[in-house]
Amino acid sequence: QVQLVESGGGLVQPGGSLTLSCTASGSFFRINAMGWYRQAPGKQRDLVARITSGGSTDYADSVKGRFTISRGDTGNTLYLQMSSLKPEDTAVYYCNVVGYKNYVESFDSWGQGTQVTVSS
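Residues numbered from 1 in each chain as written. Predicted model: local features only at pLDDT ≥ 70, side-chain atom pairs only at ≥ 80, totals over all residues. Heavy atoms only, no water.

Peer 1: Tell me about a nonpolar patch on the surface, residues and numbers included.
Peer 2: A surface patch of nonpolar side chains, about 410 Å² in accessible area, is lined by Phe29, Tyr103 and Val104. Along the polypeptide, Phe29 turns up in the loop between β3 (18-26) and β4 (30-39). Phe29 gets classed as partly exposed once you look at its relative accessible area, which sits at 42%. (Patch = residues over 30% accessible without salt bridge, like charges linked within 9 Å, V, L, I, M, F, W, Y side chains within 5 Å. Areas by Shrake-Rupley, 256 points an atom, 1.4 Å probe, with all protein chains shown as cover. Salt bridge = Lys/Arg side-chain N within 4 Å of Asp/Glu carboxyl O. Helix = DSSP H or I, 4+ residues; strand = E, 2+ residues; numbered from the N terminus. Buried < 20%, exposed > 50% of the residue type's maximum accessible area, 1.4 Å probe, protein only.)

Rendered as structure tokens:
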């Protein structure tokens, strides 16, 4: 079982900044990729940014140039630095990690979500 704990959400004014964190714990062999998704009320959950074990990154067009995804030194912690925030960034942000528990069993784990509200 791989557990993900997110933190860092909150209320911020338009144009402000916020950093989200996600820490993976439990028993696993390898992490292949870590990512952030978000879901606004009444909408589907969409990819915000993703980073692979090799360091390749992928961003939604709507956040390019404003958000930066990174991993901590141990590789088990994920960050999302968000700047120039807009009201349309308001959503519940979810951490996602995919990898392998051992040589054959994969896993795909989700965090509980953290609310980000951008409002004046």
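Peer 1: Go over unusual backbone geometry, please, and point to the residues and values.
Peer 2: Positive phi is not limited to glycine here, since Ser84 has a value of about 50°. By the element assignment, Ser84 lies in the loop between β8 (77-82) and β9 (91-100).

Peer 1: Help me get a handle on the side chain of Thr114, residues and values and all.
Peer 2: Position of Thr114 relative to the elements: it lies in strand β11 (residues 114-118). Accessibility expressed as a relative area gives 12% for Thr114, which makes it buried. Engagement of the side chain of Thr114 in a polar contact is seen with the backbone nitrogen of Gly9, the distance being 3.3 Å. Apart from residues lying up to four places away in sequence, Thr114 is in contact with Glu6, Gly9, Leu20, Ala91, Val92 and Tyr93. (Polar contact = N/O pair within 3.5 Å; in protein donor to acceptor, adjacent residues only side chain to side chain. Contact = heavy atoms within 4.5 Å.)

So far we have only geometry, and geometry alone does not tell us how the molecule works.
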